[in-house]
Protein chains: 2
Amino acid sequence: MDTESRGEMTISQMDKFFNPTSVAVAGASRSVEKLGNVCIANMQRSGYRGDIFPIHPQGGEIMGLSAYASLRDLPKQVDLAVAVIPRQGVLGLIDQCIEAGIRQVIVTAAGFADDGPQGARLQQELQEVVRASQMRVMGPNSVGTISTESGFVTSLMSLDPIEDGGISIVAQTGLFCGGYGRRFGSSGLPGIAKIASLGNKCDVDELDALEYLAADPKTEVIAFYTEGMGRARDFLELASRLSAEKPIVVLKGGSTRKGGRAASTHTGSMSGTSEIYAGAFRQAGIIQVSCIDDLLGCAKALSYCQAPRGNRVGVVSITGAGCVLAADACQLAGLRMPGLGGETLNRALGGLPDWATFSNPVDLWPAAVMGSVETAYDSVLGAVIQQEDIDMLMVIFTLVPESEFDIADVMVRAMRLSGDKPLLGCILGANDADMRRWSASLERLKIPVYSSIDRTVAAADALASYSRRLEKVHGGTLKGQWPAGGAPLP
Amino acid sequence: MDTESRGEMTISQMDKFFNPTSVAVAGASRSVEKLGNVCIANMQRSGYRGDIFPIHPQGGEIMGLSAYASLRDLPKQVDLAVAVIPRQGVLGLIDQCIEAGIRQVIVTAAGFADDGPQGARLQQELQEVVRASQMRVMGPNSVGTISTESGFVTSLMSLDPIEDGGISIVAQTGLFCGGYGRRFGSSGLPGIAKIASLGNKCDVDELDALEYLAADPKTEVIAFYTEGMGRARDFLELASRLSAEKPIVVLKGGSTRKGGRAASTHTGSMSGTSEIYAGAFRQAGIIQVSCIDDLLGCAKALSYCQAPRGNRVGVVSITGAGCVLAADACQLAGLRMPGLGGETLNRALGGLPDWATFSNPVDLWPAAVMGSVETAYDSVLGAVIQQEDIDMLMVIFTLVPESEFDIADVMVRAMRLSGDKPLLGCILGANDADMRRWSASLERLKIPVYSSIDRTVAAADALASYSRRLEKVHGGTLKGQWPAGGAPLP
């Protein structure tokens, strides 16, 4: 088998983990609250249209579906089996899958490489069986996948249908199929294309996922949480080829000695030196972040915005402290903040009281005191975003005295003048209801919104990194263009 | 006048900025949406019981109150004047205050040291007049104060009554009297004792505020946002004496060249070298943080929790990634994570499936898969918190499969065994409504809650810093004791 057809096989096999036409759930139960049933209920609730076959020793009916005593008894060959059973039964089930011709399996049980020498041996055994077959296994210690495209959700946590979007997440943790699965699409979190929980990675790993998601038309940005990669070199090589096609963001857990030790009991990963990973990620054009909020926040910006032409940021803030802290954070991140030119000043002056000082970052507070905030926003945002050497604009909002104009209107007017330069929003103050309302109204416009300055600057930095990657790989040819999607002007 | 009586004068004069028995508002208007009126409406809404005297050239009635044409016409001597007027009128108003014997004034107008050489000259003039008088001036470029004790609120933003708490904030920005004023007490933000917006600090500065708040019985923790201090040496000396009585937290804006330049146009501050400030803060026992979220988050932990005996953290997480990322963050912060002893393991084992590995951080996911989460939480939290060399416990929650037990109950049971060791909560997943509900139920128990691991670790680090300060100043005598308050066991 040559490399190309192997690659195609990987992609079509990987697709069965996300968009299978039929699935068997081993571990379905008569009690509705058991994990196997949660998994089935998730698929039913999120509108999965494929066949679901519960497996239960006594057969009968489970959750309105015909259950089968074993994989051997299924009425047709299924694309995928999800094994929601204890680790003791896993090897037996794998044998049954081989017998039944099921070539994709998700194994949820923990207690393998995450659990000392005995567990490691068990995983070794599993791995050998899998390698000798034509089967692909995700896990063990995986909670499976989510695909908003097909409504396929194997999560063991009850989820409501998840809002679709351009971000795909690949993680050695179930967190994104679990708790975060109830947050995506709200709370300023982005919509989702696909999520894979890789767990201990006895077979399917980050490299497979990258290969698949790079070719997936629904995926605009790929976000990884990894605690260490077995095939790091191959992953980096592939990422290096793909990272100027789709942005790749990574959060590396286990970057310290203590964290590394925790990783070995979490997913059995050898985490490796953080400096080596950091250098390798950078070289491959992968954008590394340092916390979950930034992983999701940066992926959101990369999915919503066009690539900027460079790393030159304009900052407009209604609070002076916002100017100061944003300038600090931009400088620490290595982002540039060009001064404002005469033309920009002339353009903006109409909206500003005559005594305002005016530089980048722009403090709009004087305008607020003069009671002309909305006009000032319009003049200043429009002027700054149009300045030739400003590549993107960060706007820091907080409650403005009694002038409760619609900040989305202001941002739309700025977008009209922006020529596709990214706009980022940061909302620092207001009560919960206003925060949610404002945030939602901007996110509908595909303006990424954050509730802290450092998260906003991290997102701007991610955009700048991607721009640098485009520049390096494509030279000037793609400047200001976004390979995958980008927001249409409202 | 000797130092002591000057100190007492400062404190009693400073108290008039927060709890005046009467206040004149210069800049009241016939139009209800003008800033002076917003200021009056805030006081009325938050239950301020002192006399409010609107000043308006035509007198008459404003917002149900008798207005006076000038400060000279007031029926009694007032404690405080709030000048919500443009900068041109400020010096004239100060003269009127002197004439009327008003010894405390808040000046809201910007356009002084924040606004180039001309503004700086104006501030110089103002300062000279003030220094020659017995008057204290807060500002210019201040939005004044909030005191939940007296319901006194000069904010120029419409605020609802703010939940009271033990945190006082002193800032060279109006942000905390503004947008954040609508958030305190919700969204995981702490309740407030007092807030002062110092603005350009022509007179009242951080040193005055520190002196006052250190003696204020309502204030348990003092949080500063500063862009640079004129009397830095005196401030540090005083802080050094007080920082083992009440925790002092500081966010220093303008720590970079760009940020420093922004600070000079924000509040006319010379920000100084960040390294010098950092070293001096550390030496004075001041806890320095790097963003607004941490300023409030660390202050919250210091207000809610007893001081830990040291920096040794136990981490229990329902998500393995939480273990890994918390271990990384703890190690980077210099927090220690002791291994678990035999006694701890024995205590905990009842609640755990036999195959679980078990170290610090403790990954509870295996217990979740076995469907015994609540029992596992009880056994593990109780065992870890009781281990002699664990000083505080960090618990990372996310949505647990279908076991929607009350996490507050679990935490209460752990608190009963904790012997006043701090417990910190981190909630990573769940939908908005659950996040708010869970967070509120823990915060009612005075367990500080965060929605990201790094913010939680920053808070634990702040507790450890305070513990180190207590150790240094008081030796062993205060170990495990909290000078100011602390949460009663429910």
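In this text, all values refer to a predicted model and were calculated from it rather than measured experimentally.

Calculation criteria
Residues numbered from 1 in each chain as written. Chains lettered and ligands numbered in written order. Predicted model: local features only at pLDDT ≥ 70, side-chain atom pairs only at ≥ 80, totals over all residues. Heavy atoms only, no water. Helix = DSSP H or I, 4+ residues; strand = E, 2+ residues; numbered from the N terminus. Rg over C-alpha atoms; globule rule 2.2 N^0.38 Å. Buried < 20%, exposed > 50% of the residue type's maximum accessible area, 1.4 Å probe, protein only. Contact = heavy atoms within 4.5 Å. Areas by Shrake-Rupley, 256 points an atom, 1.4 Å probe, with all protein chains shown as cover. Lys, Arg positive; Asp, Glu negative; His and termini not counted. Charge placed at Lys NZ, Arg CZ, Asp CG, Glu CD. Pairing = 2+ DSSP bridges. Axes fitted to C-alpha atoms, helices over the stretch in contact; angles between N-to-C directions. pLDDT = per-residue confidence, 0-100. Phe/Tyr/Trp six-rings, centres within 6.5 Å; stacked < 30°, edge-to-face > 60°. Lys NZ or Arg CZ within 6 Å of the ring centre and 35° of its normal. Core = buried A, V, L, I, M, F, W, Y, C linked by side-chain atoms within 4.5 Å. Buried area = accessible area lost by both parts, 1.4 Å probe. Salt bridge = Lys/Arg side-chain N within 4 Å of Asp/Glu carboxyl O. Nonpolar A, V, L, I, M, F, W, Y, C, P; charged D, E, K, R; others polar. Parallel < 35°, antiparallel > 145°, perpendicular 65-115°, else oblique. Least-squares fit on C-alpha atoms with pLDDT ≥ 70 in both. Polar contact = N/O pair within 3.5 Å; in protein donor to acceptor, adjacent residues only side chain to side chain. Left-handed = near helix turned anticlockwise from the far one by under 90°. Disulfide = S-S within 2.5 Å. Right-handed = clockwise from strand over helix to strand, strands pointing away.

### With respect to the overall build of chain A
Stage number 1. Helix and strand counts for chain A stand at 16 helices and 19 strands.
Stage number 2. Relative to the globule expectation of 23 Å for 490 residues, the C-alpha radius of gyration of chain A, 25 Å, shows essentially globular dimensions.
Stage number 3. Taking the principal axes of its C-alpha atoms as reference, chain A extends roughly 80 × 45 × 40 Å.
Stage number 4. Here chain A holds 490 residues, and 65% of them are scored as buried.
Stage number 5. Across chain A, every contact between residues at least 6 apart in sequence was considered, and the portion connecting residues at least 24 apart equals 76%.
Stage number 6. Split by element, the accessible area of chain A, about 17200 Å² in all, is 48% carbon and sulfur.
Stage number 7. Within chain A, the 53 negative side-chain charges are centred at a point lying 3 Å from the centre of the 44 positive side-chain charges.

### Regarding the sheet that holds strand E5 (residues 80-83) of chain A
Hydrogen bonding along the main chain pairs the strands of a sheet, whether they run parallel or antiparallel.
Residues and elements named next belong to chain A.
Stage number 1. Reading across from one edge, E2-E1-E5-E6-E7 is the order of the five strands in this open sheet, with parallel pairing throughout. The two strands at the open ends of the sheet, each matched to only one other strand, are strand E2 (51-55) and strand E7 (136-138). Each neighbouring strand pair of the sheet contributes to a mean axis angle of 20°, computed without reference to strand direction.
Stage number 2. Sheet analysis places strand E1 (residues 22-26) next to E2, joined by five bridges and oriented parallel. Bridge pairing links alanine 24 to phenylalanine 53 in E2.

### Side note on the confidence of the model for chain A
Residue and element names in this part refer to chain A.
Stage number 1. Here chain A shows a mean pLDDT of 89. Residues at 70 or above account for 91%.
Stage number 2. Confidence drops under pLDDT 50 across residues 477-490; counting only partners more than four residues distant or on other chains, this segment forms 35 contacts.
Stage number 3. In the predicted assembly, ipTM is 0.92 and pTM is 0.93.

### What to know about the environment of proline 86 of chain A
Stage number 1. Tracing the backbone shows proline 86 of chain A in the loop between E5 and helix H3 (90-100).
Stage number 2. Classification of proline 86 of chain A by relative accessible area gives exposed; the value is 54%.

### Here we look at the packing of aromatic side chains
Stage number 1. Evaluated as defined, the whole model comprises 16 aromatic pairs over all chains.
Stage number 2. Three or more aromatic residues joined by ring pairs make a cluster, and in this case those are Phe176, Tyr180 and Phe184 of chain A.
Stage number 3. Seen from the ring of tyrosine 277 of chain B, lysine 252 of chain B lies directly overhead, with NZ or CZ sitting 4.7 Å from the centre.
Stage number 4. Above the plane of the ring of tyrosine 450 of chain B lies lysine 300 of chain B, whose end atom (NZ or CZ) is 4.6 Å from the centre.

### Observations concerning the nonpolar core
Stage number 1. Grouped together as the largest cluster of nonpolar side chains are 230 residues, with contacts concentrated most on Ile169, Phe176 and Phe184 of chain A together with Ile169, Phe176 and Phe184 of chain B.
Stage number 2. Excluding residues that lie within four positions of it along the chain, phenylalanine 184 of chain A makes contacts with Ile162, Ile169, Phe176, Leu189, Pro190, Ile192, Ile195 and Leu296 of chain A.

### Topic: the sheet that holds strand E13 (residues 248-252) of chain B
Residue and element names in this part refer to chain B.
Stage number 1. The strand order across the open sheet formed by seven strands is E9-E8-E11-E10-E12-E13-E14, and the pairing between neighbours is mixed. The outermost strands of the open sheet, each flanked by one partner alone, are strand E9 (152-153) and strand E14 (287-289).
Stage number 2. Here strand E8 (residues 144-147) runs beside E9; their pairing, made up of two bridges, is antiparallel. The partner of isoleucine 146 across the bridge, within E9, is valine 153.
Stage number 3. Taken strand by strand, helix H5 (residues 206-215) contacts strand E10 (164-171), strand E11 (192-197), strand E12 (221-226) and E13, and its axis lies near 170° from that of E12.

### A few points about the interface of chain A and chain B
Stage number 1. Counting residues at the interface gives 76 residues for chain A, matched by 76 residues for chain B.
Stage number 2. Carbon and sulfur atoms supply 57% of the area buried between chain A and chain B, which totals about 5900 Å² over both sides.
Stage number 3. Seen at the junction of chain A and chain B, the total is four salt bridges.
Stage number 4. As a salt-bridge pair, arginine 182 of chain A and aspartate 434 of chain B come within 3.8 Å of each other at their nearest N and O atoms.
Stage number 5. Elements represented by at least two residues in the side of chain A that touches chain B include exactly helix H2 (35-45), strand E13 (248-252), helix H7 (257-266), helix H9 (292-304), helix H10 (320-333), helix H12 (365-369), helix H15 (432-443) and helix H16 (453-474) of chain A.
Stage number 6. Residues of the side of chain A that touches chain B, tallied by class, amount to 31 nonpolar, 25 polar and 20 charged.

### Some words on the packing of helix H3 (residues 90-100) of chain B against helix H4 (residues 116-131) of chain B
Residues and elements named next belong to chain B.
Stage number 1. It is the contact of H3 with H4, at a shortest axis distance of 10 Å, that shows an interaxial angle of 5°. With respect to H4, the axis of H3 lies roughly parallel. Where H3 approaches H4, its residues Val90, Leu91, Ile94, Asp95 and Ile98 are matched on the opposing element by Leu122, Glu125, Leu126 and Val129.

### What to know about the side chain of glutamine 13 of chain B
Residue and element names in this part refer to chain B.
Stage number 1. Topologically, glutamine 13 is positioned in helix H1 (residues 3-18).
Stage number 2. When its relative accessible area of 4% is taken as the criterion, glutamine 13 is described as buried.
Stage number 3. Non-local contacts of glutamine 13, meaning those with residues more than four positions away in its chain, are made with Arg103, Gln104, Gln134 and Arg136.

### Considerations on the relation of the copies chain A and chain B
Stage number 1. The transformation that overlays chain A on chain B combines an axial shift of 0.0 Å with a rotation of 180°, and the residual RMSD is 0.0 Å. What we have between these two chains is a two-fold relation. Within chain A, the C-alpha atom positioned nearest to the axis of rotation is that of aspartate 432 of chain A, 5.2 Å from it.
Stage number 2. A share of 100% of interface residues in chain A that are also interface residues in chain B marks the association as one of identical surfaces.

### With respect to the side chain of arginine 469 of chain B
All names here are of chain B.
Stage number 1. Here arginine 469 is to be found in helix H16 (residues 453-474).
Stage number 2. Here arginine 469 is buried and forms no salt bridge, its nearest opposite-charge partner glutamate 245 lying at an N-O distance of 8.9 Å.
Stage number 3. Here the side chain of arginine 469 touches serine 240 through a polar contact of 2.9 Å, landing on its backbone oxygen.
Stage number 4. In this structure the side chain of arginine 469 is engaged in a polar contact, spanning 2.9 Å, whose partner is the side chain of serine 243.
Stage number 5. Once residues within four sequence positions are removed from consideration, arginine 469 is found in contact with Ser240, Ser243, Ala244, Gln283, Ala284 and Gly285.

### Regarding the packing of helix H5 (residues 206-215) of chain A against helix H6 (residues 232-242) of chain A
To describe two helices that pack against each other, one gives the angle between their axes and the distance between the axes.
Residues and elements named next belong to chain A.
Stage number 1. One way to put it is that H5 packs onto H6 with a least axis distance of 9 Å and a crossing angle of 20°. When the interaxial angle is binned, H5 and H6 end up roughly parallel. Seen from above, H5 lies across H6 with left-handed handedness. Within the contact between the two elements, H5 uses Glu206, Leu207, Leu210, Glu211 and Ala214 and H6 uses Asp234, Phe235, Leu238, Ala239 and Leu242.
Stage number 2. For the contact of H5 with H6, the class distribution of residues is seven nonpolar, no polar and three charged.

### Some details on the state of the cysteines
Linking two cysteines covalently through their sulfur atoms gives a disulfide.
All names here are of chain A.
Stage number 1. The final tally for this structure, using the stated rule, is zero disulfides over all chains.
Stage number 2. Summary of cysteine pairing: cysteine 97 is not part of a disulfide, and the nearest cysteine sulfur, belonging to cysteine 202, is at 12 Å.
Stage number 3. Residue classification places cysteine 97 among the buried positions, given a relative accessible area of 0%.

### Notes on H2 of chain A
Think of an α-helix as 3.6 residues a turn; residues three or four steps apart then line up on the same face.
Residues and elements named next belong to chain A.
Stage number 1. For H2, the tally of buried residues reaches nine of eleven residues, placing the bulk of the element in the interior.
Stage number 2. Among the residues making up H2, those that are buried are Leu35, Gly36, Asn37, Val38, Cys39, Ile40, Ala41, Asn42 and Met43.
Stage number 3. Glycine 47 lies just past H2 and shows a positive phi near 80°.

### Description of the pairing of E12 of chain B
All names here are of chain B.
Stage number 1. Among the six residues in E12, six count as buried, and that is most of the element.
Stage number 2. Of the two faces of E12, the one holding Val221, Ala223 and Tyr225 and the one holding Ile222, Phe224 and Thr226 are both buried throughout.
Stage number 3. Where E10 and E12 come together, five bridges link them in parallel fashion. In the strand pairing of E12, isoleucine 167 is matched with valine 221.
Stage number 4. In this structure, E12 lies alongside E13, joined through five bridges in parallel fashion. Directly across from isoleucine 222, in E13, lies its bridge partner isoleucine 248.
Stage number 5. Note that the unit made of E12, helix H6 (residues 232-242) and E13 has a crossover that is right-handed.

### Some remarks on unusual backbone geometry
Stage number 1. The residue after asparagine 360 of chain A, namely proline 361 of chain A, is reached through a cis peptide bond having omega 5°.
Stage number 2. Cis geometry is adopted by the peptide bond preceding proline 140 of chain B, which originates at glycine 139 of chain B and carries an omega value of -5°.
Stage number 3. Even without being a glycine, methionine 63 of chain A presents a positive backbone phi close to 55°.
Stage number 4. Locating methionine 63 of chain A in the fold gives a position in the loop between strand E3 (61-62) and strand E4 (65-66).
Stage number 5. In the Ramachandran plot, lysine 446 of chain B falls in the positive-phi region, its phi being about 65° despite a non-glycine side chain.

### Some remarks on the pattern of salt bridges
All names here are of chain B.
Stage number 1. Taken as a whole, this structure holds 41 salt bridges over all chains when the rule is applied.
Stage number 2. A salt bridge links arginine 72 to glutamate 99, with the nearest nitrogen and oxygen atoms 2.7 Å apart. Of this pair, arginine 72 sits in the loop between strand E4 (65-66) and strand E5 (80-83) while glutamate 99 sits in helix H3; the two residues are 27 residues apart in sequence, bridging distant segments of the chain.
Stage number 3. What makes arginine 72 partly exposed here is its relative accessible area of 48%.
Stage number 4. Among the residues examined, glutamate 99 registers a relative accessible area of 52% and is labelled exposed.
Stage number 5. In this structure, the salt-bridge partner of aspartate 294 is arginine 455, at a minimum N-O distance of 4.0 Å.

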